[in-house]
Amino acid sequence: MDISVVVPLYNEAESLPELEAWIRRVMEEHHFTYEIIFVNDGSTDNSWKVIKELQKTNPAVKGVSFRRNYGKSPALNTGFQRAKGDVIITMDADLQDSPDEIPELYRMITEDNYDLVSGWKQKRYDPLSKTIPTKLFNATARLVSGIHNLHDFNCGLKAYRRDVIEHIEVYGDMHRYIPFLAKNAGFSRIGEKVVHHQARKYGSTKFGLDRFVNGYLDLLTLWFTNKFGVKPMHFFGLLGSLMFILGFIAVIVVGATKLYNMHVGNPYILVTDSPYFFLSLVMMILGTQLFLTGFIGELIVRNSPSRNNYEISEDLCD
């Protein structure tokens, strides 16, 4: 099969027939073999009923329905697990992504040898309250991930080589960082295509400003686990050691200052009356705790069954 189109959705019953017809027209015009996997993320409208009706008229339509709303990342991951195409296309169900982009995305994967191609909605039909935070969010994501050629990490319209979806796991709210996940899995050929963005035709957006706060937290989590996930002592141990050493030196300075003043006859105070003494002790205690955190992390990693799981692209030893 050439293409699997994975469409996560939540309360998009009105747009589904139009989206299915649009995808079907594009596929038939370019003679692709395809499937459309609608992942109903616990919709409270009649989205699932619409999907079952569409399947009666188009055997390429497939569907999965969650019992409740889990989020976009679980929906995408479930769709990836069921996709059978050589190239997987993801898009939103609100008709803001154009299926007319599919042939070129497919060509970039199969002919230009990209592992992943992300859409870039260069001209957006969104309010400033959404576009400005989005620009800041994408700038931060480029800086942290090191993928400097992407302008829109969160664009729902993406194309993947099959190998990519088999080696990444999308969980939590990590759908925003699929290019980063792919890069961490060893897929470095990541491209971008300017795509057409349309104004929402039905319903209302399902996203609030809280996604930007959660997005930054998820980005920090992904960066930290990628950099220190298998070597936590390199972070906690180093930071803890530095804090302990600085605290220990500070204690010596406080004590030496008192002894010097006693020796030369200057006024002096008790060590325990100095706030610097207690600050030094706090630094030493925190340093010890951070070091032990790194040590415990190393023990956990050492006993993890996946500690030696590495991504191998080719093996000539068999």
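Criteria and cut-off values
- Residues numbered from 1 in each chain as written.
- Predicted model: local features only at pLDDT ≥ 70, side-chain atom pairs only at ≥ 80, totals over all residues.
- Heavy atoms only, no water.
- Core = buried A, V, L, I, M, F, W, Y, C linked by side-chain atoms within 4.5 Å.
- Buried < 20%, exposed > 50% of the residue type's maximum accessible area, 1.4 Å probe, protein only.
- Helix = DSSP H or I, 4+ residues; strand = E, 2+ residues; numbered from the N terminus.
- 1 Å grid on protein atoms, 1.4 Å probe; cavity = no way out; pocket = protein on both sides within 12 Å on 5 of 7 lines; lining within 4 Å.
- Points joined across faces, edges and corners; volume = space filled by probe spheres on them.
- Salt bridge = Lys/Arg side-chain N within 4 Å of Asp/Glu carboxyl O.
- Patch = residues over 30% accessible without salt bridge, like charges linked within 9 Å, V, L, I, M, F, W, Y side chains within 5 Å.
- Areas by Shrake-Rupley, 256 points an atom, 1.4 Å probe, with all protein chains shown as cover.

Q: Any chance you could explain the nonpolar core here in plain terms?
A: Ranked by size, the top nonpolar core spans 35 residues in total, and within it Ile3, Val5, Phe38, Ile89 and Met91 carry the most contacts. When residues of this core are assigned to their parent elements, the largest contribution, 6 residues, is made by helix α1 (residues 16-29). Counting 32 residues, the second-largest nonpolar core is a separate cluster that includes Ala75, Ala141, Val164 and Leu181.

Q: What should I look at first to understand helix α3 (residues 72-82) in this one?
A: Owing to its 3.6 residues per turn, the α-helix aligns residues three or four sequence positions apart on the same side. Burial analysis of α3 places 8 of its 11 residues in the buried class, which makes it a mostly covered element. Burial in α3 covers these residues: Lys72, Ser73, Ala75, Leu76, Asn77, Thr78, Gly79 and Phe80.

Q: What is the right way to read empty space enclosed by the protein from this model?
A: Over the atoms rolls a probe the size of a water molecule, and in doing so it shows where empty space is left. In this structure the tally under the stated criterion is 1 cavity of 30 Å³ or more. Volume-wise, the largest cavity comes out at about 80 Å³. Lining the largest cavity we find 14 residues, and of these Lys72, Leu76, Cys155, Gly156 and Lys158 sit closest to its centre. Of all elements in the fold, only α3 and β6 (158-161) reach the threshold of two or more residues within the lining of the largest cavity.

Q: Any chance you could explain the pattern of salt bridges here in plain terms?
A: Close approach of charged atoms allows side chains of opposite charge to pair. By the definition in use, this model includes 14 salt bridges. Where Arg24 meets Glu20, a salt bridge forms, and the shortest distance between an N and an O atom there is 2.8 Å. With Arg24 and Glu20 both in helix α1 and 4 residues apart, the pair spans about one turn of that helix. When its relative accessible area of 28% is taken as the criterion, Arg24 is described as partly exposed. We note a salt bridge from Arg107 to Glu104, for which the minimum N-O separation is 2.8 Å. One end of the pair, Arg107, and the other, Glu104, are both in helix α4 (residues 102-110), 3 residues apart, so they sit about a helical turn from each other. Glu104 gets classed as partly exposed once you look at its relative accessible area, which sits at 30%. Sharing partners across several salt bridges, the network here consists of Glu104, Arg107, Glu111 and Asp112.

Q: Mind showing me how you'd approach a nonpolar patch on the surface here?
A: A contiguous nonpolar surface patch, about 530 Å² in accessible area, is contributed by Phe244, Ile245, Phe248, Ile249, Ile252 and Val253. Along the chain, Ile252 falls in helix α9 (residues 233-264). Overall, Ile252 belongs to the partly exposed group, its relative accessible area being 46%.

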